[in-house]
Amino acid sequence: MAKKLKKDHFQEFSKLILFLFAVNYFVGGAFLLWVVQYQITHATAPEYVSAAEFVTYFTAPIVAGLLSYFGKAAVENFEKIKNSLQATEKTDNKIAKG
């Protein structure tokens with residue numbers, strides 16, 4: 001029972017991290033829009049901060065976090081399928097033996 005609670009807590013924690021990544025993505029996108037708007041209206045020199053570099057700097061950690069989350073989910077799903085197949089084989093063996 002304690003193992004089940006610990007696993008559920010870890011799953012909820014990873015969902016929280018995924019939610020924080022999504023919020024950070026939209027906050028960063030809004031900030032990027034503000035930066036571009038501010039440069040267009042207030043810049044007197046043609047030296048603009050390129051949005052491409054900002055987007056790369058901003059999204060690289062998010063992409064890495066999402067890939068690690070999806071990797072964790074893939075491993076969990078693989079283990080669930082493996083355990084399900086083993087349980088099915090045990091049931092089939094019991095039925096065959098009578």
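Residues numbered from 1 in each chain as written. Predicted model: local features only at pLDDT ≥ 70, side-chain atom pairs only at ≥ 80, totals over all residues. Heavy atoms only, no water.

Asker: Even after reading the chapter, I still don't get the packing of aromatic side chains, so can you show me in this structure?
Answerer: What characterises a pair of aromatic rings is the spacing of the ring centres plus the angle enclosed by the ring planes. Going through the model one piece at a time under the given rule, you end up with four aromatic pairs. With a centroid separation of 5.3 Å and an interplanar angle of 25 degrees, the aromatic rings of tryptophan 34 and tyrosine 38 are classed as stacked. With a gap of four residues between them, tryptophan 34 and tyrosine 38 both fall in helix H1 (residues 2–42), about one helical turn apart. Taking the relative accessible area as the measure of exposure, tyrosine 38 reaches 41% and is therefore partly exposed. Considering the side-chain rings of tyrosine 69 and phenylalanine 70, the 6.0 Å spacing of their centres and the 65 degrees angle between planes classify their relative orientation as edge-to-face. Each member of the aromatic cluster is reached from another via a ring pair, and the members are Phe31, Trp34 and Tyr38. (Phe/Tyr/Trp six-rings, centres within 6.5 Å; stacked < 30°, edge-to-face > 60°. Helix = DSSP H or I, 4+ residues; strand = E, 2+ residues; numbered from the N terminus. Buried < 20%, exposed > 50% of the residue type's maximum accessible area, 1.4 Å probe, protein only.)

Asker: Would you mind going over the pattern of salt bridges with me for this structure?
Answerer: Between side chains of opposite charge, pairing is possible as soon as their charged atoms come close. Summed over all chains, the structure comprises one salt bridge. Two residues, lysine 72 and glutamate 76, come together in a salt bridge whose shortest N-O distance is 3.0 Å. Placement of the pair is lysine 72 and glutamate 76 together in helix H2 (residues 51–97), with a separation of four residues, close to one helical turn. Residue glutamate 76 is classed as partly exposed on the basis of its relative accessible area, which comes to 23%. (Salt bridge = Lys/Arg side-chain N within 4 Å of Asp/Glu carboxyl O.)

Just geometry here; none of it tells us what the structure is for.
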